[in-house]
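Working through the structure, step by step
These are the residues of each chain, in order.
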Amino acid sequence: TKAGNLTGLCSSVWKCLANHHCAKAVQCWSKPLTKCATSTWHMLTHQKQRKALAANVACLRGCEAAHQDDFLGASFCVLDKCAKDLLACKEDKTCWTAVQCLPQTAEDCAMNSLDAYVNQPLFEDSVKCLGQGFQSCGRRAVGMVQDLNIARAVQCAAQCTHKPPETLQVLV
């Protein structure tokens, strides 16, 4: 898929949401928004949580960069340099809940999504659109999450908003 074809490709997303079978496959992936809303909110707005997340991401990226063509070397780098901080996350209920959210969703949704991708062209096009969007915007979004000024703005705004409910209703 060429980036220049995003407009045509992404028109499939709205059609997908209007199609029962396609929308059902998409809805599965919205579970992190409903299951992990509170823990994810805390991970992004509380300074201690945010620092730990940024440190873990930086460590993992450092190992990836230092050992680009060496899976074993990268694995030992993670064990040697990142393991303590990753274990500390497991001891923190908020951190661990947020970290478990996506893998659990992937496990729950993988086979149904794979089936939908292979058998529903509308879903396939929608996934390609979203993937292209994440590729185009994802790096900027990660950079935004790591920016301390953004964190302060979110904390400030959080003081003026209602506390997020334990579960969010996602309309998909």
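Within the protein, the secondary structure is distributed over nine helices and zero strands. When the helices and strands of the protein are listed from N to C terminus, the series reads α-α-α-α-α-α-α-α-α. Buried residues in the protein amount to 24% of all 172 residues. Here the contacts in the protein between residues at least 6 apart in sequence split such that 73% fall between residues at least 24 apart. Accessible surface for the protein amounts to roughly 12,100 Å². Of this, 62% is attributable to carbon and sulfur atoms.

Within the element layout of this structure, S126 appears in helix α8 (residues 121–146). Of the residues examined, S126 reaches a relative accessible area of 2% and is grouped as buried. A polar side-chain atom of S126 sits 2.9 Å from the main-chain carbonyl oxygen of L122. Once you skip the residues sitting within four places of it in the chain, S126 turns out to touch S12, V13 and C16.

What follows concerns the state of the cysteines. A complete count under the given rule lists four disulfides for this structure. Linked covalently through their sulfurs, C59 and C82 form a disulfide whose S-S length is 1.9 Å. Where C59 bonds to C82 through sulfur, the torsion about that S-S bond is close to -95 degrees, and the disulfide is left-handed. Placement of the pair is C59 in helix α5 (residues 47–66) and C82 in helix α6 (residues 71–91), with a sequence separation of 23 residues. Here C59 falls in the buried class, since its relative accessible area comes to 17%.

What follows covers the nonpolar core. Side chains of a nonpolar character, in soluble globular proteins, are inclined to be buried together. Counting five residues, the largest nonpolar core is built from C16, C22, A25, A116 and F123. Once residues lying within four places of it in the same chain are set aside, the contact partners of C16 are C22, A23, V26, L122, F123 and S126.

Of all the positions in helix α2 (residues 20–28), only C22, A23, A25 and C28 are classed as buried. The backbone nitrogen of H21 has a side-chain oxygen 3.0 Å away, supplied by the residue at the start of α2, namely N19.

This part takes up a nonpolar patch on the surface. A cluster of nonpolar residues, L72, F76 and L79, forms a patch on the protein surface that exposes about 320 Å² of accessible area. Assignment of secondary structure puts L79 in helix α6.

For the protein, per-residue confidence averages 76 on the pLDDT scale, and 69% of positions sit at 70 or higher. Per-residue pLDDT, averaged within each element of the protein, yields its smallest value for helix α3 (residues 31–35) (65) and its largest for α6 (91).

What counts as what
Residues numbered from 1 in each chain as written. Predicted model: local features only at pLDDT ≥ 70, side-chain atom pairs only at ≥ 80, totals over all residues. Heavy atoms only, no water. Helix = DSSP H or I, 4+ residues; strand = E, 2+ residues; numbered from the N terminus. Buried < 20%, exposed > 50% of the residue type's maximum accessible area, 1.4 Å probe, protein only. Contact = heavy atoms within 4.5 Å. Areas by Shrake-Rupley, 256 points an atom, 1.4 Å probe, with all protein chains shown as cover. Polar contact = N/O pair within 3.5 Å; in protein donor to acceptor, adjacent residues only side chain to side chain. Disulfide = S-S within 2.5 Å. Core = buried A, V, L, I, M, F, W, Y, C linked by side-chain atoms within 4.5 Å. Patch = residues over 30% accessible without salt bridge, like charges linked within 9 Å, V, L, I, M, F, W, Y side chains within 5 Å. Salt bridge = Lys/Arg side-chain N within 4 Å of Asp/Glu carboxyl O. pLDDT = per-residue confidence, 0-100.

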